[in-house]
Amino acid sequence: MRAAVITFPGSNCDRDLAIAFANAGFDVTRVWHKDTTLPEHTDIVGLPGGFSFGDYLRCGAIAAQSPICRDVVRFADGGGFVLGVCNGFQILTETGLLPGILMRNAGLTFVAKPVDLRITGRSIFTDGYRVNRITVPVAHHDGNYQASDDELDQLDAEGRVAFRYVDTPNGAARDIAGITSANGRILGMMPHPERAIDPALGDTDGAPLFAGLIEVMNTA
Amino acid sequence: MKAIVHVTLKNGVLDPQGEAVKSALGGMGFDGVNGVRQGKVIELDLAEGTSEATVTEMCEKLLANTVIESYRIELT
């Protein structure tokens, strides 16, 4: 399985995300934001955390219009898998691939700490979990997920809220930490699973996300 | 020619930054500030003859996120 991890100016979790994919067994290619096409035979795209373009205008807004993102949208529209973490989630909402928006944290402070999550929507991204509760770090200033009541109802009804905070650190509507697309092939989440894969650094609850992903993709 | 684009949060959208500014004004002794909404003003220096429709397209595609923001264009 081939993963393409995009780097934007200001990305700072791109290497971590690439390592997380590689540790799970993906062949990883790093892709620059000015590239106009994804590598051939890309199976999944990773949009990393960070502060692309300095969070100018709105978080993720300028990255969403970058040359590579046009191809990511094409790839996703064709049924491709996409994982967006933190700034990657913000980019996914700005491209319109996922509904809603990530606003400034309700408490106005940057939040960086491990948080407990409940797995509340099953998809290919949660297949590796045999538990319903995990601990993964967050590190963001704009993680306050908001969408219209109709959109939130739809996400709930379709089981697309992949992760919810046990105790929301940012004021997100309905404690939403991560959502999937209608076809279940795009996941955007604020917490960082790629920062929780190595026992030497503490929590490893992020690893099953990547391990489960490649297992399902290999058998599909 | 110039276009000035005012981007503001839609009514009903919580504005944590506006709330913080309101709280700071209250703390400074400015009474009677019932609400603060923070937005953006974007000045565009444009080639003569650029149509308002083009500026609208810029707003829809990049300058505003119409999920939560509305915009107003002033051509000068």
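Above this note sits the structure.
Not measured: the values here are computed from a predicted model.

Colleague: Sorry if this is basic, but what is going on with the overall build of chain A here?
Modeller: Across its full length, chain A carries five helices and eleven strands. For chain A, the C-alpha radius of gyration of 15 Å lies close to 17 Å, the compact-globule estimate for 220 residues. By principal-axis analysis of the C-alpha atoms, chain A measures approximately 40 × 40 × 35 Å. Burial analysis of chain A (220 residues in total) assigns 53% to the buried set.

Colleague: So what exactly am I meant to see when it comes to the environment of Leu63(B) here?
Modeller: Residues and elements named next belong to chain B. Relative to the elements of secondary structure, Leu-63 occurs in helix α2 (residues 52-63). By C-beta crowding, Leu-63 is classed as buried, having 21 other C-beta atoms within 10 Å. C-alpha of Leu-63 to C-alpha of Pro-16: the two residues are 47 residues apart in sequence and 20 Å apart in space. Setting aside residues up to four positions removed in sequence, Leu-63 forms contacts with Val-5, Val-7, Ile-42, Met-58 and Tyr-71.

Colleague: In this structure, what is going on with the interface of chain A and chain B? I would like to understand it.
Modeller: Accessible area lost upon the coming together of the parts serves often as the stated size of an interface. On the side of chain B, seven residues touch chain A, which itself brings ten residues to the contact. In the side of chain A that touches chain B, the residues fall into four nonpolar, three polar and three charged.

Colleague: Can you help me understand the nonpolar core in this one?
Modeller: A general trend in soluble globular proteins is that nonpolar side chains are found buried together. By size, the foremost hydrophobic cluster in this structure holds 67 residues, and its most contacted members are Val5(A), Phe21(A) and Val82(A). Listed in part, the six residues of the second largest apolar core include Ala3(B), Cys59(B), Ala64(B) and Tyr71(B).

Colleague: Explain the sheet that holds strand β2 (residues 40-45) of chain B here, please?
Modeller: Across a sheet, paired strands are connected by hydrogen bonds in the backbone, their directions being either parallel or antiparallel. All names here are of chain B. Spatial ordering of the open sheet is given by β2-β1-β3, a layout of three strands whose pairing is antiparallel. For this open sheet the edge positions go to β2 and β3 (69-75), each flanked by a neighbour on one side alone. Across the sheet, the mean angle from the axis of one strand to that of its neighbour is 20°, orientation sign disregarded. When strand β1 (residues 2-9) meets β2, the two strands line up antiparallel, connected through six bridges. Note on β2: the bridge partner recorded for Val-5 is Ile-42.

Colleague: Mind showing me how you'd approach the pairing of strand β10 (residues 176-180) of chain A here?
Modeller: Along a regular strand, successive side chains alternate from one face of the sheet to the other. Residue and element names in this part refer to chain A. Within β10, five of the five residues are buried, which leaves it mostly tucked inside the rest of the structure. Across three bridges, strand β9 (residues 161-165) lies against β10 in antiparallel orientation. Each bridged residue has a counterpart across the sheet, and for Arg-164 the counterpart in β10 is Ile-176. Strand direction decides the pairing type here: β10 and strand β11 (residues 186-189), joined by three bridges, are antiparallel. Within β11, the residue paired with Ile-179 across the bridge is Gly-188. From the end of β10 to the start of β11, which pair antiparallel, there are five residues, and Gly-184 there has a positive phi angle of about 75°.

Calculation criteria
Residues numbered from 1 in each chain as written. Chains lettered and ligands numbered in written order. Predicted model: local features only at pLDDT ≥ 70, side-chain atom pairs only at ≥ 80, totals over all residues. Helix = DSSP H or I, 4+ residues; strand = E, 2+ residues; numbered from the N terminus. Rg over C-alpha atoms; globule rule 2.2 N^0.38 Å. Buried ≥ 20, exposed ≤ 12 C-beta atoms within 10 Å, placed from the backbone. Contact = placed C-beta atoms within 7 Å. Nonpolar A, V, L, I, M, F, W, Y, C, P; charged D, E, K, R; others polar. Core = buried A, V, L, I, M, F, W, Y, C linked by C-beta atoms within 7 Å. Pairing = 2+ DSSP bridges. Axes fitted to C-alpha atoms, helices over the stretch in contact; angles between N-to-C directions.

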